[in-house]
Amino acid sequence: MHDVTALVDLAARMPKAELHLHLEGTLEPEMLLQLAERNGVAVRFSSAEELRHAYDFADLQSFLDIYYEGTSVLRTSDDFYTLTAAYLRRAAEDGIRHVEPFFDPQAHTQRGVGFEDVVDGIISALRESERDLGVSWRLIMCFLRDLPATDAIQTLGDALPYRDVITAVGLDSAELGNPPEKFDGVFDLARSEGFQTVSHAGEEGDAEHVRRTLDVLHVSRIDHGVSAMTDPELVARLVRDRVPLTVCPLSNVKLGGFASVRDHPLREMLDAGIVATVNSDDPAYFGGYLVDNYRAAIESLGLTREHLHTLARNSFEASFLPAGEIEARLAEVDAFFAQE
Ligand code: HPA
Ligand code: ZN
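What you see is a predicted model; the values in this text were computed from it and never measured.

Student: I tried to follow helix α2 (residues 29–39) on my own but got confused; where do I start?
Tutor: Every α-helical turn comprises 3.6 residues, leaving residues that sit three or four positions apart pointing alike. Residues P29, M31, L32, L33, L35 and A36 constitute the buried set of α2. For α2, the elements touching its buried residues are α3 (48–54), α4 (60–71), α5 (77–93) and α14 (283–286). One or two positions beyond α2, positive phi appears at G40, with a value near 65 degrees.

Student: Hey, could you run me through the coordination of the zinc ion (ligand 2) in this one?
Tutor: Working reference: metal with six octahedral donors, ideal angles 90 or 180 degrees; metal with four tetrahedral donors, ideal angle 109.5 degrees. The protein atoms that coordinate the zinc ion (ligand 2) are H20 (NE2), H22 (NE2), H200 (NE2) and D281 (OD), at distances of 2.0 to 2.2 Å. Around the zinc ion (ligand 2), the four donor atoms sit at angles spanning 82 to 174 degrees, and that spread fits a shape best called irregular. For the zinc ion (ligand 2), all donor residues lie on one chain, and their spacing in sequence is H-x1-H-x177-H-x80-D. Of the two residues, H20 is situated in the loop between β1 (16–18) and α2 and H200 in strand β7 (residues 196–201); the sequence distance between them amounts to 180 residues. The exposure classification of H20 matches that of H200, with both residues buried.

Student: Looking at this model, I keep getting lost on the environment of R305. Mind explaining?
Tutor: Looking at the element boundaries, R305 is found in helix α16 (residues 305–317). On the accessibility criterion, R305 (21% relative accessible area) is partly exposed. Sequence separation between R305 and V8 is 297 residues; the distance between their C-alpha atoms is 9.7 Å.

Student: How do you make sense of the site of ligand 1 when you look at a structure like this?
Tutor: The local shell around ligand 1 consists of H22, L60, F63, L64, Y67, D172, S173, H200, E203, H224, D281 and D282. The separation between a nitrogen atom of ligand 1 and a polar side-chain atom of H22 is 3.4 Å. S173 places a polar main-chain atom, nitrogen or oxygen, 2.8 Å from a nitrogen atom of ligand 1. Burial of ligand 1 by the protein chains amounts to 100% of its free accessible area of 260 Å². It is α4 that contributes the most residues to the shell around ligand 1, four residues altogether. In terms of residue class, the shell around ligand 1 is made up of four nonpolar, four polar and four charged.

Student: Looking at this structure, how should I read the sheet that holds strand β3 (residues 102–103)?
Tutor: In a beta sheet, neighbouring strands are held together by backbone hydrogen bonds and run either parallel or antiparallel to one another. Strand order in the open sheet formed by seven strands is β3-β5-β6-β7-β8-β9-β10, and the pairing between neighbours is parallel. The open sheet has two edge strands, β3 and β10 (276–278), and neither has a second partner. In this structure, strand β8 (residues 221–224) lies alongside strand β9 (residues 245–247), joined through two bridges in parallel fashion. Note that in β9 the partner of D223 across the bridge is T246. Helix α9 (residues 184–192) contacts β5 (139–144), β6 (166–172) and β7 of the sheet and is inclined by roughly 170 degrees relative to β6.

Student: What am I meant to see in the sheet that holds strand β2 (residues 96–99) here?
Tutor: Pairing is parallel in the open sheet, where three strands are placed in the order β1-β2-β4. In this open sheet, the two strands that pair with only one neighbour each are β1 and β4 (136–137). In this sheet, β4 lies alongside β2 in parallel orientation, the contact comprising two bridges. Considered in β4, the bridge of H98 is made with S136. Here helix α15 (residues 290–301) sits on the sheet and contacts β1 and β2; the angle it forms with β1, its principal contact strand, is near 110 degrees.

Student: Hey, could you run me through the pairing of β5 in this one?
Tutor: The side chains of a regular strand alternate, first on one face of the sheet and then on the other. Among the six residues that make up β5, six are buried, leaving the element largely enclosed by the rest of the structure. Side chains L139, M141 and F143 of β5 all project onto a buried face; the interleaved residues I140, C142 and L144 project onto the opposite face, where all are buried too. By the bridge criterion, two bridges tie β3 to β5 in an arrangement that is parallel. Note on β5: the bridge partner recorded for F102 is I140. Once the chain exits β5 it traverses helix α8 (residues 149–159) before rejoining the sheet at β6, and the crossover so formed is right-handed.

Quick notes on the rules
Residues numbered from 1 in each chain as written. Chains lettered and ligands numbered in written order. Predicted model: local features only at pLDDT ≥ 70, side-chain atom pairs only at ≥ 80, totals over all residues. Heavy atoms only, no water. Buried < 20%, exposed > 50% of the residue type's maximum accessible area, 1.4 Å probe, protein only. Helix = DSSP H or I, 4+ residues; strand = E, 2+ residues; numbered from the N terminus. Contact = heavy atoms within 4.5 Å. Donors = N, O, S within 2.8 Å, 3.2 Å for Na, K, Ca; no water. Tetrahedral: all angles 85-135°; square planar, octahedral: opposite > 155°, others 65-115°. Near = heavy atom within 4 Å. Polar contact = N/O pair within 3.5 Å; in protein donor to acceptor, adjacent residues only side chain to side chain. Areas by Shrake-Rupley, 256 points an atom, 1.4 Å probe, with all protein chains shown as cover. Nonpolar A, V, L, I, M, F, W, Y, C, P; charged D, E, K, R; others polar. Pairing = 2+ DSSP bridges. Axes fitted to C-alpha atoms, helices over the stretch in contact; angles between N-to-C directions. Right-handed = clockwise from strand over helix to strand, strands pointing away.

This is the structure in structure tokens:
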């Protein structure tokens, strides 16, 4: 069981969760063009090939510019349903049993789309796939960190009637110049309203950014967090406190964080004892869904069967499922590896 193909097959079949996935980042070029036509939205691209050709990013901001441009075709509740349902079908094909996707309501409400239309479309797809495909879920609402904190507070207010279906709040978009301190009040408020919290950090920002995100925002996991590896004291803290990092190898390479997956620290993170997980981030833009990310890491970093077992366990341990449910999922992972 040492060859790459067998390990990729194992990664595809093992029970696992995906915890770092932007629903708007699953908008494939074909769907983007279909929705543009259906909704009469003008886009500056005329073919899927042209769109894919434009997906060549120098850094996070150059990606975000195209990503927000893409979101402009999403207008109705049905659009959000269609987008989410397509991702969930793809996720089930990749052997994903539990998902905790992000959505960016401000990217839509800013354009006049109703908050309830966004959430209703997403939720109906999540409920349907739980029933039909057996994929359980928790939903995470992200605030755009390049917008003012007052906008985030208003968005938190929009989410209050949806507390039963939105489990956590997160923070995404441009990291540089938008430090965690900008959102300390919003996150305190969100926690007092019963939301769990996560935040992107250490994607373009340094290890200090990751540390301050833990200290100031008190999040229960960090999205990306790769820059933490430059700081041994922070690594020791992540290991000691079992703070999960939701790592996205193909994303980090596409946005210029590492020259190739061979240079990615995922394997060192696991070997250091960090609760790291593998995720796809924005698969329609970064050239791969979850198993593609596992494949890249297996091929380029030489991940072993033991690494895969740990990653599957970590993906459930780091989830927002209740403790008893996590125990059951871990037992399922262990049983899978015992009979393989
Ligand atoms: N990083 C930060 N913000 C984002 C991303 C990302 O990879 N994708 C969507 N919003
Ligand atoms: Zn992300």
